[in-house]
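# Examination of the molecular architecture
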Amino acid sequence: MEQKFVEIVYELFGIKDLNLFMDISLKKLRDILHADAGSIFLYNDADNTLIFKYTQNDSIDLPFKEFAMPLDEKSIAGYVGVNKKILNIKDAYEISDSEPYRFNRDFDRFSGYRTRSMITIPLLNRKNDLIGVVQLINKKTEPYYFTKQDEIICHSLSGIIGVSLENSLLYSEIENMWEGFIKASIQAIEARDPITRGHTERVTNLTLKIASEMSKHKDIFPDFTLTKDQYTMLKYACLLHDFGKIGVKEYILQKAKKVSEDKLEKIKYKILYAHKAGFIGEDPQNLFEKIKKANEPTVLEEDISNMLNNLLHLNIEESAGQKIPILDNDEYNALIVKRGSLTEEERKEMEKHVLYTYVYLSAIPWTKELKDVPKIACMHHEKLDGSGYPFGLKGDEIHPYGRIMAIADIYDALTAKDRPYKKALPVETALSIIKKEGEENKLDINIINFFIDKRIYE
Ligand SMILES: [Fe+2]
Ligand SMILES: [Fe+2]
């Protein structure tokens, strides 16, 4: 028996996940005490209730439903929680009327189960505060009720379970708090960059979906793993992948067109004047339409690019002999951008967001399991051929998680429906753009083929 105790201590103390903790501790207890069923209630001190959190039953299989009940002496679990003492009942249907608690037969009525013997144990922390209550039901071996010896065993184990449970609860509380902080940061980032609202969450969901599917297909990805810890690490890396945008100037984040409406208007008047004064023969309205087209962040067409070159060298000569270019250097440099709305300089500034992501996240004292978050988070713009940023990593230097994120990030950018200046591409077009990047050895072609074949994007 001592050996079993030691085993339990070792096993329970390392578990941070609350559900896993409840699952294992209840199984162990039931195993030692030969109980057919069991439940765990957690104490909620905010409203002084017991929450029915977990249940196991070897005889019947019923859907689980969480519920809360007041911590008072009217119920068996409540009575044990209030008095912090083990309660051993031979038959739940024969509780004396003199007791303050009653057995609620609803479950038995609904399920056809017959609850008979029952031992209910308070779970306390080191300070003797109530953490929860465990209930073991129906002893499966003779004498078919829980004995004094069982009570002693429960008493010794309840301390171990109570303290470990508190650790596990504390851990999940910290985890919840941390996740809340991350969500708040995302809100702050996306408030500065409203055109990409929802991007982070979508990239996170898609990346985790691809990774989960990959881990199930060992035939295609024999070396790919996704343990529970790795899943959490990847989730944080995704949620924080664009965290560095906090360091990028707002006007760059929000820049939808190449030049502002004001500047566009100014160019319009210069064209009208140049036409009137005979410097240009082309219909000014026509010319201005082309400028407006050049101002869009879509791919710049060849003939429009040529037209911009001509305009750069075309000056309006004023009567005083002063020369005014129809397009000045700044306007030209902005409009001539081949794709997107940012000038070379602005693009470089924008690209720094990943470097900032790395720097900011590296300042966090991550746990051993999460230490790779900064490294993975800043891989989402790297390309297998080394043409990506911020570090220009190549091939195997880019972790599979980083490769998945890169695909999810591009897929979302192409198909996002919430960018007012940019139409969402149809899924088929987005997939063919991504596939092309795979064939050019920029993105991982195996993951892309898997993503498309298994229709993970749906
Ligand atoms: Fe990014
Ligand atoms: Fe992103």
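Residues numbered from 1 in each chain as written. Chains lettered and ligands numbered in written order. Predicted model: local features only at pLDDT ≥ 70, side-chain atom pairs only at ≥ 80, totals over all residues. Heavy atoms only, no water.

## Re the side chain of His 353
Definition in use: Under the DSSP-based scheme used, a helix requires at least four consecutive residues in state H or I and a strand at least two consecutive residues in state E, with every element numbered from the N terminus. Throughout this description, buried means an accessible area under 20% of the type-specific maximum (1.4 Å probe, protein chains only), exposed means over 50%, and partly exposed covers the range between. For this analysis, a polar contact is any N or O atom pair within 3.5 Å, provided that within protein one partner can donate a hydrogen and the other can accept it, and provided that sequence-adjacent residues contribute only side-chain to side-chain pairs. Working rule for contacts: check all heavy atoms of both residues, and any pair within 4.5 Å makes them a contact.
The topology assignment puts His 353 in helix H13 (residues 344–362). Taking the relative accessible area as the measure of exposure, His 353 reaches 4% and is therefore buried. Only 3.0 Å separates the side chain of His 353 from the side chain of Asp 242, close enough to count as a polar contact. The contact partners of His 353, leaving out residues within four places of it in the chain, are Asp 242, Gly 244, Lys 245, Val 248, His 380, His 381 and Tyr 389.

## Regarding the packing of aromatic side chains
Spelled out, the test is: Here a pair means two rings of Phe, Tyr or Trp (six-membered ring of Trp) with centres within 6.5 Å. Their orientation is stacked below 30 degrees between planes, edge-to-face above 60, and tilted elsewhere. For a Lys NZ or an Arg CZ to count as sitting over a ring, it must be within 6 Å of the ring centre and within 35 degrees of the ring normal.
Applying the stated criterion across every chain, the model contains 18 aromatic pairs. Seen from their ring centres, Phe 52 and Phe 67 are 4.9 Å apart, and the 25° between their planes marks the pair as stacked. Within this pair, whereas Phe 52 is found in strand S2 (residues 49–57), its partner Phe 67 is found in strand S3 (residues 67–70), the two being separated by 15 residues in sequence. Pairing Trp 178 with Phe 181 gives two aromatic rings, centres 5.6 Å apart and planes at 20°, and the pair type is stacked. Here the residue Trp 178 and the residue Phe 181 both occupy positions in helix H5 (residues 148–192), the gap between them amounting to three residues, near one helical turn. Accessibility expressed as a relative area gives 47% for Phe 181, which makes it partly exposed. Among the aromatic residues, ring-to-ring pairing joins Phe 41, Phe 52, Phe 64 and Phe 67 into one connected group. Positioned above the aromatic ring of Tyr 145, the side-chain terminus of Lys 90 is 4.4 Å from the ring centre. It is Arg 114 that lies over the ring of Tyr 93; its NZ or CZ is 3.7 Å from the centre.

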